[in-house]
Amino acid sequence: MATFQILTFGCQMNVNDSDWLANVLLAHGHHRTDQNAAQCIFLNTCSVREKPEQKVRSTVQQILNTRKQNPPELIAVLGCVAQQLGEDFFALSPRLRLVAGPDGLPKVPGLVDELLAEPQLKISLLDFTKSYEEREEGLALPTGPTAYVNIMQGCDNFCTYCIVPFTRGRQKSRSFSAIMAECRRKIALGACEITLLGQNVNAYGCDRHAQQARARGEDFPSFAQLLREIAALPGLKRLRYTSPHPKDMREEDIAAFGCLPALCPQLHLPLQSGSSRVLARMGRGYDRERYAELVRGLRHVRSDLALSTDIIVGFPGENDADLEATLSLMEESQFLSSFSFCYSDRPGARAVTFLDKIPKDLQHARLIRVQNLQDELQKQLLQQRVGTSTEVLLETPSRRWTRAGYAWQGRDPYGTLVHVAFEQEGEHQGELVAAHITEAGSHCLFAHRETANDRNDR
Ligand code: SAH
Ligand code: SF4
Ligand code: F3S
């Protein structure tokens, strides 16, 4: 039996993959320990933005430097950078003996004993599978109130800037029965909120694998049907998903926000740019008007819907007017939050060949404008909520409560972090509490347990 540690970079899918890996390693009898003592170190990597390879190399180097006296017996590079650079990583150290892309991950736990028994052995798992590969279950550990469930692997969109279709492969929807079984299992282990994960969740069921399964007579629902089935599971109080693609947002997906009480009024809908010209060159499959129309449709069904987004600035050929178009659509859409990035070339992606690249300093200046506007929008939207009440699913003791007293933190239905004050110290994990908002921070809200007085004030 060995000791291990996992270091995770990248998106929520990677975080979920690492949680799965840890659970299965524990089930195999291994123990999680400190990074400075572990026999096996797993790096679960991301290549979506700049310099991922250097990040992996310097992390490995740093581990080797700090552990000269007791070097780890096995270092493994997993995830998207492993898929991209594969066996090149073996040259980094004789201890680096396993590389596995996202589709190779399910086999990783079963190889650890063999790799530890044979110090010369090197293994690479870089083939894409043809269908979503089910993974062994691992330990049935209590999950905490929130849980993630993968509904697909990969992406078919090939947006011209993006590496993901090359690192995660083509889209493969997971079978309906396996998704339902995992949701039921996580609810039984303590989750009352589930977030469905995938690179393009609302294209669930729209890939070759799903079509073949349907042709065999297998039950393969649409995304909206899947939402309905999961929302109806006993014990589930909240359902969310990330990320949908605007081009695949159908009428029934919009309508779901009006008719599924468990579906939270929150949506991460990546915009990327507010300029139709730039969106066309990004290969996104929608234009500014279509995005604005989607937002209007969503708000018609659910006026309080909290929207968040991703924005890329400095895409090749982006000019000042394009940036203004992005800023004005951000305002019109009233995003509660956004993740914004400077465009960078990703190997294999089509935009690498575009000649009209934007200089770095101009990209940064534009990024600051986007971020300043977002800060302003968020401040206003949070401020408007002071004096109102909300429902918070408490997760952990609060890390940001500066006043005297006790507080727990959790998220409200809109996905905003809320710190809720209590009069006494106590255990509140997993409680869904009514809270009265007293103050807005820059990115979170402060509240206390709602009292009869708060209700009378309304
Ligand atoms: N499937 C998700 C995105 C996954 S990548 C979606 O389509 O929404 C997460 C975000 O990283 C993207 O939304 C995009 O904003 C950003 N991103 C991806 N490639 C990038 C690149 N080459 N340069 C800068 N940002 C990029
Ligand atoms: Fe990348 Fe586009 Fe697929 Fe998202 S939808 S993962 S941005 S190719
Ligand atoms: Fe990164 Fe791969 Fe996720 S590139 S964003 S870890 S899909």
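Residues numbered from 1 in each chain as written. Chains lettered and ligands numbered in written order. Predicted model: local features only at pLDDT ≥ 70, side-chain atom pairs only at ≥ 80, totals over all residues. Heavy atoms only, no water.

Visitor: Can you explain the site of ligand 1? Please cite residues and give values.
Guide: Taken together, 15 residues form the shell around ligand 1, and within it R49, Q199, P270, Q272 and D310 come nearest. Backbone polar atom of Q199 to a nitrogen atom of ligand 1: 2.7 Å apart, as the coordinates give it. Taking Q272, its side chain carries an N or O atom lying 2.8 Å from an oxygen atom of ligand 1. Contact with the protein chains hides 90% of the accessible area of ligand 1, taken as 540 Å² for the molecule alone. Secondary structure elements with two or more residues in the shell around ligand 1: β13 (306-313) and β14 (337-342). (Near = heavy atom within 4 Å. Polar contact = N/O pair within 3.5 Å; in protein donor to acceptor, adjacent residues only side chain to side chain. Areas by Shrake-Rupley, 256 points an atom, 1.4 Å probe, with all protein chains shown as cover. Helix = DSSP H or I, 4+ residues; strand = E, 2+ residues; numbered from the N terminus.)

Visitor: Can you break down the state of the cysteines residue by residue, with the values?
Guide: Tallying each qualifying case throughout the model produces 0 disulfides. Unpaired in terms of disulfides, C342 finds its nearest cysteine sulfur in C46, a separation of 16 Å. Here C342 falls in the buried class, since its relative accessible area comes to 14%. (Disulfide = S-S within 2.5 Å. Buried < 20%, exposed > 50% of the residue type's maximum accessible area, 1.4 Å probe, protein only.)

Visitor: Describe the site of ligand 2, naming the residues involved and giving the relevant values.
Guide: Contacts to ligand 2 come from C155, N157, F158, C159, Y161, C162, V164, P165, Q199, H245 and R284. Its residues placed into classes, the shell around ligand 2 shows 7 nonpolar, 3 polar and 1 charged. (Nonpolar A, V, L, I, M, F, W, Y, C, P; charged D, E, K, R; others polar.)

Visitor: Run through the sheet that holds strand β18 (residues 432-440), naming residues and quoting values.
Guide: Spatially, β15-β16-β17-β19-β18 is the arrangement adopted by the 5 strands of the closed barrel, whose pairing is mixed. On average, each strand axis in the sheet is tilted by 55 degrees relative to the strand beside it, whichever way the strands run. (Pairing = 2+ DSSP bridges. Axes fitted to C-alpha atoms, helices over the stretch in contact; angles between N-to-C directions.)

Visitor: Lay out the packing of helix α12 (residues 320-333) against helix α13 (residues 360-383) with the relevant residues and their values.
Guide: For the pair α12 and α13, the least separation of the axes is 10 Å and the interaxial angle reads 15 degrees. For the element pair α12 / α13, the angle class is roughly parallel. In this structure, α12 crosses over α13, and the sense of that crossing is right-handed. Contact residues: α12 offers D320, L323, E324, L327, M330 and E331, while α13 offers R366, R369, V370, L373, Q374 and L377. Considering only residue class, the contact of α12 with α13 consists of 6 nonpolar, 1 polar and 5 charged. (Parallel < 35°, antiparallel > 145°, perpendicular 65-115°, else oblique. Left-handed = near helix turned anticlockwise from the far one by under 90°. Contact = heavy atoms within 4.5 Å.)

Visitor: Account for the sheet that holds strand β11 (residues 238-242), naming residues and giving values.
Guide: Reading across the sheet, the 3 strands line up as β7-β10-β11 and stay open at both edges, with parallel pairing between neighbours. Looking along the sheet, the strands with just one partner apiece sit at the ends: β7 (146-150) and β11. Going across the sheet, the axis of each strand differs from the next one's by a mean of 25 degrees, ignoring polarity. Sheet topology note: the strand β10 (residues 193-197)/β11 ladder contains 5 bridges and is parallel. Note that in β11 the partner of L197 across the bridge is T242. Helix α1 (residues 12-27) rests against β7 and β10 of the sheet, and its axis sits at about 100 degrees to β7. Strands in contact with helix α6 (residues 176-188) are β7 and β10; relative to β7, the strand with the most contacts, it is inclined by about 165 degrees.

Visitor: Go over the pattern of salt bridges, please, and point to the residues and values.
Guide: Enumeration according to the criterion identifies 27 salt bridges in this entry. One salt bridge connects R170 with D156, and the closest N-O pair in it is separated by 2.9 Å. With R170 in the loop between α5 (164-167) and β9 (172-173) and D156 in the loop between β8 (152-153) and α5, this pair connects stretches of sequence that are 14 residues apart. A salt bridge links K186 to E182, with the nearest nitrogen and oxygen atoms 2.8 Å apart. Of this pair, K186 and E182 both sit in helix α6, 4 residues apart, roughly one helical turn. Assessed through its relative accessible area of 17%, K186 is described here as buried. Overlapping salt bridges bring together E134, R174, E182 and K186 as one network. (Salt bridge = Lys/Arg side-chain N within 4 Å of Asp/Glu carboxyl O.)

Visitor: Give a description of the packing of aromatic side chains that names residues and reports values.
Guide: Inspection of every chain in the model, using the stated rule, returns 9 aromatic pairs. Here F158 and F166 contribute two aromatic rings whose centre-to-centre distance is 5.4 Å and whose plane-to-plane angle is 80 degrees, an arrangement assigned as edge-to-face. Take F166: its relative accessible area is 37%, and that puts it in the partly exposed class. Grouping aromatic residues by their ring pairs yields a cluster made of Y161, F315, Y343 and F354. A cation sits over an aromatic face here: R49 above F341, 3.7 Å from the ring centre. (Phe/Tyr/Trp six-rings, centres within 6.5 Å; stacked < 30°, edge-to-face > 60°. Lys NZ or Arg CZ within 6 Å of the ring centre and 35° of its normal.)

Honestly, it's all geometry; don't read function into it.
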